[in-house]
Amino acid sequence: MSRTYPQVKKLRSIGELADRLGELGVDLPMVAERSPDGGPLADGFPVDLAGTPRLVGNRFAVLPMEGWDGTTDGLPTDLVGRRWQRFGSSGAKLIWGGEAVAVDPVGRANPNQLTIDTDRHGEALSNLRADLVSAHTEAVGPHNDLVIGLQLTHSGRFSRPDASGPAPIPGGPHPVLDRRLPPDRPSPVISDDQLDHLSDRFVAASVRAQVAGFDFVDIKACHGYLGHELLGSVDRSGRFGGSFENRTRFLRQTIEAVQGAAPGLGIGVRFSAYDMVPFLAGSDGVGEPEPLEGPYRHGFGGDDSGLGIDLREPKALLDLLGDLGVHLVCVTAGSPYYVPHIQRPAWFPPSDGYQPPEDPLVGVARMLAATAELKAHRPSTVIVGSGYSYLQDWLANVAEAVVADGGADSIGLGRMVLSYPDLPRDVLAGGSLDRRRICRTFSDCTTAPRNGLVSGCFPLDDFYKNHPQRVELAAAKRATRARLGR
Ligand SMILES: Cc1cc2nc3c(=O)[nH]c(=O)nc-3n(C[C@H](O)[C@H](O)[C@H](O)COP(=O)(O)O)c2cc1C
Ligand code: SF4
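Okay, so let's go over this structure. Remember, predicted model here, so these are calculated numbers, not experimental data.

Analysis parameters
Residues numbered from 1 in each chain as written. Chains lettered and ligands numbered in written order. Predicted model: local features only at pLDDT ≥ 70, side-chain atom pairs only at ≥ 80, totals over all residues. Heavy atoms only, no water. Near = heavy atom within 4 Å. Helix = DSSP H or I, 4+ residues; strand = E, 2+ residues; numbered from the N terminus. Axes fitted to C-alpha atoms, helices over the stretch in contact; angles between N-to-C directions. Parallel < 35°, antiparallel > 145°, perpendicular 65-115°, else oblique. Left-handed = near helix turned anticlockwise from the far one by under 90°. Contact = heavy atoms within 4.5 Å. Nonpolar A, V, L, I, M, F, W, Y, C, P; charged D, E, K, R; others polar. Expected span 1.5 Å × (residues − 1). Buried < 20%, exposed > 50% of the residue type's maximum accessible area, 1.4 Å probe, protein only. Phe/Tyr/Trp six-rings, centres within 6.5 Å; stacked < 30°, edge-to-face > 60°. Core = buried A, V, L, I, M, F, W, Y, C linked by side-chain atoms within 4.5 Å. Polar contact = N/O pair within 3.5 Å; in protein donor to acceptor, adjacent residues only side chain to side chain. Areas by Shrake-Rupley, 256 points an atom, 1.4 Å probe, with all protein chains shown as cover. Pairing = 2+ DSSP bridges.

### Details of the site of ligand 2
Right, so step 1: In the vicinity of ligand 2, the contacting residues are Arg-415, Leu-418, Cys-439, Arg-440, Thr-441, Phe-442, Ser-443, Asp-444, Cys-445, Cys-457, Pro-459 and Leu-460.
Right, so step 2: Of all the secondary-structure elements, those providing two or more residues to the shell around ligand 2 are α12 (415-419) and α14 (444-450).

### Observations concerning the packing of helix α2 (residues 78-89) against helix α3 (residues 119-139)
Right, so step 1: Relative to each other, α2 and α3 sit at 40°, their axes nearing to 7 Å. With respect to each other, α2 and α3 are oriented oblique. In this structure, the crossing between α2 and α3 has a hand that is right-handed. For the pair formed by α2 and α3, the contact residues are Val-80, Gly-81, Trp-84, Gln-85, Phe-87, Gly-88 and Ser-89 on the first element and Leu-128, Arg-129, Asp-131, Leu-132, Ala-135, His-136 and Ala-139 on the second.
Right, so step 2: Classifying every residue of the contact of α2 with α3 gives 7 nonpolar, 5 polar and 2 charged.

### Digging into helix α4 (residues 192-211)
Right, so step 1: In this model α4 runs 29 Å from its N-terminal to its C-terminal C-alpha over 20 residues, within 8% of the 28 Å that 1.5 Å per residue would give.
Right, so step 2: For α4, every residue scored as buried is listed here: Asp-192, Leu-195, Leu-198, Ser-199, Phe-202, Val-203, Ala-205, Ser-206 and Ala-209.
Right, so step 3: Gly-213 sits one or two positions beyond α4 and adopts a positive phi of about 100°.

### Description of the packing of aromatic side chains
Right, so step 1: Under the definition given, this model contains 12 aromatic pairs.
Right, so step 2: Considering the side-chain rings of Phe-458 and Tyr-464, the 5.3 Å spacing of their centres and the 65° angle between planes classify their relative orientation as edge-to-face.
Right, so step 3: For Phe-458, a relative accessible area of 1% translates into the label buried.
Right, so step 4: Exposure remark for Tyr-464: the relative accessible area of 4% places this residue in the buried category.
Right, so step 5: An aromatic cluster of at least three residues, connected via ring pairs, comprises Phe-158, Tyr-225, Tyr-337 and Tyr-338.

### Some thoughts on the nonpolar core
Right, so step 1: In this structure, Leu-150, Ile-255, Phe-271, Leu-321 and Ile-411 are the most contacted members of the largest nonpolar core, which totals 115 residues.
Right, so step 2: Per-element tally for this core: the top contributor is helix α10 (residues 360-377), with 7 residues.
Right, so step 3: Counting 14 residues, the second largest nonpolar core, distinct from the first, contains Leu-63, Leu-94, Trp-96 and Val-384.

### Let's talk about the site of ligand 1
Right, so step 1: With respect to spatial proximity, 21 residues lie near ligand 1, and among them Gln-151, Arg-270, Ser-389, Gly-414 and Arg-415 are the closest.
Right, so step 2: Gly-387 is positioned such that a nitrogen or oxygen atom in its backbone is 3.4 Å from an oxygen atom of ligand 1.
Right, so step 3: The backbone of Gly-414 places a nitrogen or oxygen atom 2.7 Å from an oxygen atom of ligand 1.
Right, so step 4: For ligand 1, the accessible surface in isolation is 610 Å², of which the surrounding protein chains cover 98%.
Right, so step 5: Here the shell around ligand 1 is built from residues that sort into 9 nonpolar, 7 polar and 5 charged.

### Section: the pairing of strand β7 (residues 147-153)
Right, so step 1: Taken across its 7 residues, β7 has 7 buried, putting it largely inside the fold.
Right, so step 2: Side chains of β7 alternate between two faces, with Val-147, Gly-149, Gln-151 and Thr-153 and Ile-148, Leu-150 and Leu-152 buried alike.
Right, so step 3: When strand β4 (residues 94-95) meets β7, the two strands line up parallel, connected through 2 bridges. Bridged to Leu-94 within β7 is Val-147.

### Here's the deal with the environment of Ala-376
Right, so step 1: With respect to the element layout, Ala-376 can be found in helix α10.
Right, so step 2: A residue is classified by how much of its surface remains accessible, and Ala-376, at 60% relative accessible area, is exposed.
Right, so step 3: Sequence-wise, Ala-376 and Gly-407 are 31 residues apart; in three dimensions their C-alpha atoms are separated by 7.5 Å.

So, in structure tokens, the structure goes:
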């Protein structure tokens, strides 16, 4: 069904993109001609990290992206090192988090996720960071304006710490997602005491991150993982559920505890600014919202219909963070597990997913508009945007206009950095883009890990084109298509 939408790749001019947006009735800022020197994308901007002013050298950020390729005891491998070095040499001056690193091994999202639970892990992350900086220096030059954070996570409902399969630790009751819990494995909601202990884990991890040389930690609150689920836990009882005050308590107490234990360490928060009712493939393979009786109240930043946006609480969260001294936020949306079309708009969905129920351009426009609205609400907070990769050849035209209009301070790049890591350098040099390496949202970097394989850009990155797991990926995709009758 997605084939009814024109691929962005086929829109041969910025005018054709504008026409398509007109047909869709959505708006995206964009410049017709990119500035020869990157224009506003080349400008540095200040960020307040725990009271210390720092300069970020340009307007590109690398978003966190894990590769399901650490060791089973949570340490980096050469594949992780390669990815981080490519992040460093990209030319982006803000590295938002590197990748999700679990503060507790039971909260890993996959058996190969990195962890930061011992000093040995802290040292390994320090080496990763140092190698990223070296790659940056070699490719770009001085690194005094390069700001690097580490994303800290607990996967909550989406924990899968070992080969035995999902081991969910829900943040609260959920009317739809509870139907997806494994029937043969008890999955009690995490208790208030356990959340208090978990805050301590975030603190220990933050101290290690500071020792390892990171400029900031991201207390992750996005994509359906625990920190995000708590924000929408309206049916949870006790100190961490129900009211807005209770639902933000975990984030608040964790931030305050990190500030006490690691003075001078910057803190950022990546949060899903809106959410929708979980989707599943319908009989024609196209995504449909799961049936639900009554209003949907569990989507943080969503409205009661389960399909619309209500940014009142996300704005209140921005204010709360600002009042706590957190002036660095990365805006994303939804979850790759239950609403991937709003989280990472793609023309080709992961092979076990659903065909997009809307033109992916609508998803991009939704995320950019919500981000701009949040930035306008709290101009003093540095806001990093997400979800640009689907724009493909026109990413830089939109990025330049977004920054010029003040719709975000920094343009976060996810998948595009896997296929074409030096896109920021090419844009800032004013050159044309290398069309062979532009991410076409084939989603293999998501399909591979869903099948227990490492993640990487198998279609476009020569290294992964020649990786032995490419053959397994092709077989897994064929098997999934056959199983789903597609
Ligand atoms: C392979 C892969 C791994 C990802 N890992 C993370 C992660 O560790 N933490 C996170 O916050 N987001 C993660 N994301 C989401 C991206 O950071 C980003 O939000 C998303 O891809 C949308 O941005 P894009 O359109 O530029 O790709 C991942 C995405 C992909 C494709
Ligand atoms: S596999 Fe490559 S082309 Fe496909 S979505 Fe991922 S980065 Fe983009």
